[in-house]
Amino acid sequence: MKVVISLSGSFFEDATRIKQIAEVLEEIAKSYGLYIVTGGGKIARERIKIARELGANETICDYIGIALTRVNAKLLISALRNVHPEPFPAYNEVAGAGAVEEARISVMGGVSPGYTTDAVAAILAEYVNADLFIDVTSVDGVYDSDPRRYPEAKKYDKLTAKELVALTAKEELKAGSRIVIDPVAAKIIERSGIKTIVIDGSNPRDILNAVQGKHHGTAINPK
Ligand code: UTP
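Before going into details, it helps to say that this report is about the structure given with it. (Residues numbered from 1 in each chain as written. Predicted model: local features only at pLDDT ≥ 70, side-chain atom pairs only at ≥ 80, totals over all residues. Heavy atoms only, no water.)

### A short note on the overall build of the chain
Thought 1: Assigned secondary structure in the chain consists of eight helices and nine strands.
Thought 2: Scaling as 2.2 N^0.38, a compact globule of 223 residues should have a C-alpha radius of gyration of about 17 Å, and the chain matches this with 16 Å.
Thought 3: The principal-axis extent of the C-alpha atoms belonging to the chain is close to 45 × 40 × 30 Å.
Thought 4: Per-residue burial over the chain gives 48% buried out of 223 residues.
Thought 5: Taking all contacts inside the chain whose residues are at least 6 apart in sequence as the whole, residues at least 24 apart take part in 69%. (Helix = DSSP H or I, 4+ residues; strand = E, 2+ residues; numbered from the N terminus. Rg over C-alpha atoms; globule rule 2.2 N^0.38 Å. Buried < 20%, exposed > 50% of the residue type's maximum accessible area, 1.4 Å probe, protein only. Contact = heavy atoms within 4.5 Å.)

Written out as structure tokens, the structure is:
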């Protein structure tokens, strides 16, 4: 079984947390082919804000975000033992490296402007024919509005991919925007039919639980 995990950049702010996540990932990789995509987090948003103040356009801002997602990929690689030594800059290199056959963990960051690492992970999941895609974020699932800003926001335990597409279509896709799952990712989930789960990663053990089918997040049913 192959699992693709999108890890929010918010988990890369201290070595202890990165180590805890790396330990859980190594445990998962004993039984599953594992592919990780790392987000950019707060530092990416801060640098994008500075670039925008300097007059950079959205594509340049996206490239700044991509650079920081790749920094986080290197941080994760530093904490993993059983890993490909370099983060992959492109989908075809992940698969081309025979990652699954060698039962090692593959790690990559962002790829190209216009979306976030959620979409990168969804495309990667489609590319490697993954059985499961887990979006590990700092909120505990998909809500009808941002629960960090609207305390009355309603959480979905499950959604169809079609409903997810409708929900994310109204989101702004500017560089560094804080959305739980981006609209491009939603469309890829819909077309690929890959089973998807959105969970909170504050307790890294919950990532292992989710792989084993136990979670309190949002399940996205492809059909
Ligand atoms: P993230 O994937 O980290 O954004 O990429 P996010 O999901 O909003 O944030 P976290 O990590 O879950 O908190 C950071 C920024 O990098 C650019 C986008 O501007 C994105 O907002 N990016 C990233 C791209 O343009 N293309 C990519 O392939 C990846």
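Let us keep going from here.
### Focus: the site of the ligand
Thought 1: Around the ligand, 23 residues are found, and the nearest of them are G40, D62, S112, T117 and G176.
Thought 2: For the ligand, whose accessible area on its own is 580 Å², the fraction buried by protein is 93%.
Thought 3: Contributions of two or more residues to the shell around the ligand are made by α2 (41-53), α3 (58-79) and α5 (117-127).
Thought 4: The element that contributes the greatest number of residues to the shell around the ligand is α3, accounting for four residues.
Thought 5: For the shell around the ligand, the residue count by class is seven nonpolar, 14 polar and two charged. (Near = heavy atom within 4 Å. Areas by Shrake-Rupley, 256 points an atom, 1.4 Å probe, with all protein chains shown as cover. Nonpolar A, V, L, I, M, F, W, Y, C, P; charged D, E, K, R; others polar.)

### Some words on the nonpolar core
Thought 1: In terms of nonpolar packing, the biggest core is built from 33 residues, with V4, M108, L124, F133, L164 and I189 touching the most fellow members.
Thought 2: When residues of this core are traced back to their parent elements, those giving at least two are β2 (33-38), α4 (91-96), α5, α6 (161-169) and α7 (183-192).
Thought 3: Per-element tally for this core: the top contributor is α5, with seven residues.
Thought 4: If sequence neighbours within four positions are ignored, V4 has contacts with Y35, A121, L124, A125, V128, A130, L132, F133 and I134.
Thought 5: With 30 residues, the next largest nonpolar core counts F11, L80, V83 and V136 among its residues. (Core = buried A, V, L, I, M, F, W, Y, C linked by side-chain atoms within 4.5 Å.)

### Some remarks on α5
Thought 1: Taken across its eleven residues, α5 has nine buried, putting it largely inside the fold.
Thought 2: Of the residues making up α5, those classed as buried are T117, D118, A119, V120, A121, A122, I123, L124 and A125.
Thought 3: The first or second residue beyond α5 is N129, which carries a positive phi of 55 degrees.

### A few points about the packing of helix α1 (residues 15-29) against α3
Thought 1: For the pair α1 and α3, interaxial distance at closest approach is 9 Å and the crossing angle is 65 degrees. Between α1 and α3, the angle falls in the class roughly perpendicular. The hand of the α1/α3 crossing is right-handed. Note on element contacts: α3 touches α1 through L75, L76 and A79, opposite I18, A22 and L25.
Thought 2: Partitioning the contact of α1 with α3 into residue classes produces six nonpolar, no polar and no charged. (Axes fitted to C-alpha atoms, helices over the stretch in contact; angles between N-to-C directions. Parallel < 35°, antiparallel > 145°, perpendicular 65-115°, else oblique. Left-handed = near helix turned anticlockwise from the far one by under 90°.)

### Some details on the pairing of strand β8 (residues 195-200)
Thought 1: In this structure, strand β4 (residues 132-137) lies alongside β8, joined through six bridges in parallel fashion. Residue pairing for β8: T137 is matched across the bridge by D200.
Thought 2: Across three bridges, the pairing between β8 and strand β9 (residues 218-221) is antiparallel. The partner of V198 across the bridge, within β9, is T218. (Pairing = 2+ DSSP bridges.)

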